[in-house]
Amino acid sequence: MSADDKTQATADVPTSANAMWGGRFQTGPDAIMQAINASIGFDQRLYAQDIAGSRAHAAMLAAQGILSHKDAEAIREGLLTVLSEIEAGKFAFRVEQEDIHMAVESRLTEIVGEAGKRLHTARSRNDQVAVDFRLWVRAQCDAAIDGITALMRAFLKQADLGADWIMPGFTHLQTAQPVTWGHHMLAYVEMLARDRSRFEDARRRMNECPLGAAALAGTSFPIDRHATAKALGFDRPTANSLDSVSDRDFALEFLSASSICAMHLSRFAEELVIWSSAQFRFVRLSDKWTTGSSIMPQKKNPDAAELLRAKLGRIMGATVALFTVMKGLALTYSKDMQEDKEQVFDAADTLMLGLAAMTGMVSDMEAQVANLRAAAASGFSTATDLADWLVRELGLPFREAHHVTGTLVGMAEKKGCDLPELTLAEMQSVHSGIRQDVFDVLGVENSVNSRRSYGGTSPVQVRAQIALWQDRLA
């Protein structure tokens, strides 16, 4: 661009107003207003998506005869230059440019001149930000799916190692019944599989392209929205221009799926904190995932698990925050919606950190098999097996069997022993029909081996589920 051209390009716009929208305004915004209004400090993260959307838009404009091929080629090359500058850390982001869209367009115009000013034909920042943000969230869904799959494999490996290791199963954090380590690990594989399917489902639903909806009503230019949708990897263009620019369901679905996944990660973080304590000694975490104390030299704290347990709450907070932003907005776009990105960016970062850290801890943790087995045998954990035996072998109604078993538990508790340590005579004093073979069901090994119902804890069922998941994740 010549010096004369540059002068003409800015002659009609006061230097204190914004060159992108300043025709209506004679002065620039107050400094506080500028600070409130600008999003460039955080939405610069969308630079790759913004440039991809602009390249697709320019190519479509040229194909439709709206833009000359010469200008389209200049825009294409200019956008690649902008991309390389940003990736090389040589791009100067300025607050007066407000957002990533203005920043890219402004620099493009500096590089290619008048052609850069033609890029915004037949679009608005409303559909531009909608497509940029949707592209970014779609990529984050893909990243989450990959991260979840890696964690599922880590849990599956632990399950395979300990398909027949016996540990206590808990309700109310009280010993309930013996289960296997493999069964416990597979519970998290199932949870994570649901998480993965939620992200896959959300991704399918968000894969429609809002570009071309313009400000809110579409455009009078003969654009080809199917072409831009295809170029950007979308299944189709969105079908209603009003909804296109005002929709943030895709971000809310991402946050909702992230919140449920975060809750699952936090639950296992809690278990790691409990299991690694001196009172439980179920697992040993290596030095990679623990820290010491500044005053107590014996301490080995599960800080990674504790920090995850706390950090993951930020995702839930982000979800509530964006729901709160969106719930009061009439159609279509309102500036309130600028507050969507920081929440989603932080949630996505936190989720990926959580998945990576949890994958590391699960891969690294070492089960203390003897301690697990000892704990499984305590707390009258085979009481249900005794009640089931009374039903199966003596034909007692379950409620009567429950009462007999409860009486025997009370007897053992007074003696300070466990159920298998009661004598046959003591058992028969409660119910005369009890036989010597009752002791066959009171061992923890017998208990877990008997739970052969589909989805049960027996090693046979656990290994079948491991094989199924190994095939699914292959």
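Everything numeric in this text was worked out from a predicted model, so none of it was measured.

Caption draft 1: Representation of the overall build of the chain in the model. In terms of regular secondary structure, the chain is built from 21 helices and 6 strands. Overall, the chain is about 110 × 55 × 40 Å in size when its C-alpha atoms are taken along their principal axes. When burial is assessed residue by residue, the chain has 47% of its 474 residues classed as buried. For the chain, contacts bridging at least 24 residues in sequence account for 73% of all contacts bridging at least 6. Of the accessible surface of the chain, which amounts to about 22400 Å², a share of 53% is contributed by carbon and sulfur atoms. Side-chain charges of the chain comprise 49 positive and 59 negative groups, with the mean position of each set lying 2 Å from the other.

Caption draft 2: A look at the layout of surface pockets. Roughly 570 Å³ of volume is contained in the second largest pocket. Taken together, 27 residues make up the lining of the second largest pocket; nearest its centre are Val179, His183, His184, Ala187 and Met191. Secondary-structure elements contributing two or more residues to the lining of the second largest pocket are β1 (166–171), β2 (174–180), α9 (181–206), α12 (249–275) and α21 (459–473). Broken down by element, the lining of the second largest pocket gets its largest block of residues, 7 residues, from α9. Of the residues that constitute the lining of the second largest pocket, the class distribution is 11 nonpolar, 11 polar and 5 charged.

Caption draft 3: Layout of a nonpolar patch on the surface. A grouping of Ile32, Met33 and Ile36 is seen on the molecular surface, where their side chains present a nonpolar patch of about 330 Å² in accessible area. For methionine 33, the position within the fold is in helix α2 (residues 31–37).

Caption draft 4: Representation of the UniProt feature "domain: Argininosuccinate lyase C-terminal" (unreviewed entry) in the chain in the model. Residues annotated in UniProt with the feature "domain: Argininosuccinate lyase C-terminal" (unreviewed entry) correspond here to residues 380–449. Here residues 380–449 is 59% helix and 0% strand, with 17 Å between the C-alpha atoms at its ends.

Caption draft 5: View of the side chain of serine 244. Topologically, serine 244 is positioned in helix α11 (residues 241–246). One polar contact links serine 244 to threonine 238, side chain to side chain, over a distance of 2.5 Å. If sequence neighbours within four positions are ignored, serine 244 has contacts with Ala130, Pro210, Ala213, Arg225 and Thr238.

Caption draft 6: Highlighting the packing of aromatic side chains. Using the criterion set out here, one finds 15 aromatic pairs in the structure. Aromatic side chains tryptophan 275 and phenylalanine 282 sit 6.3 Å apart centroid to centroid with 50 degrees between the ring planes, which places their arrangement in the tilted category. Here the aromatic residues Phe155, Trp165, Phe170, Trp181, Tyr188, Phe268, Trp275, Phe280 and Phe282 are joined through ring pairs into a cluster of three or more. Cation over ring: arginine 45 sits above phenylalanine 345, and NZ or CZ is 5.1 Å from the ring centre. When the ring centre of phenylalanine 234 is taken as reference, the NZ or CZ atom of arginine 138 above it lies at 4.7 Å.

Caption draft 7: Representation of the environment of aspartate 243 within the structure. Tracing the chain through its elements places aspartate 243 in helix α11. The class of aspartate 243 is partly exposed, set by a relative accessible area of 44%. Taking C-alpha positions, aspartate 243 is 7.1 Å from threonine 332, a pair spaced 89 residues apart along the chain.

Conventions used here
Residues numbered from 1 in each chain as written. Predicted model: local features only at pLDDT ≥ 70, side-chain atom pairs only at ≥ 80, totals over all residues. Heavy atoms only, no water. Helix = DSSP H or I, 4+ residues; strand = E, 2+ residues; numbered from the N terminus. Buried < 20%, exposed > 50% of the residue type's maximum accessible area, 1.4 Å probe, protein only. Contact = heavy atoms within 4.5 Å. Areas by Shrake-Rupley, 256 points an atom, 1.4 Å probe, with all protein chains shown as cover. Lys, Arg positive; Asp, Glu negative; His and termini not counted. Charge placed at Lys NZ, Arg CZ, Asp CG, Glu CD. 1 Å grid on protein atoms, 1.4 Å probe; cavity = no way out; pocket = protein on both sides within 12 Å on 5 of 7 lines; lining within 4 Å. Points joined across faces, edges and corners; volume = space filled by probe spheres on them. Nonpolar A, V, L, I, M, F, W, Y, C, P; charged D, E, K, R; others polar. Patch = residues over 30% accessible without salt bridge, like charges linked within 9 Å, V, L, I, M, F, W, Y side chains within 5 Å. Salt bridge = Lys/Arg side-chain N within 4 Å of Asp/Glu carboxyl O. UniProt positions renumbered as here; feature names shortened; annotations may be inferred. Polar contact = N/O pair within 3.5 Å; in protein donor to acceptor, adjacent residues only side chain to side chain. Phe/Tyr/Trp six-rings, centres within 6.5 Å; stacked < 30°, edge-to-face > 60°. Lys NZ or Arg CZ within 6 Å of the ring centre and 35° of its normal.

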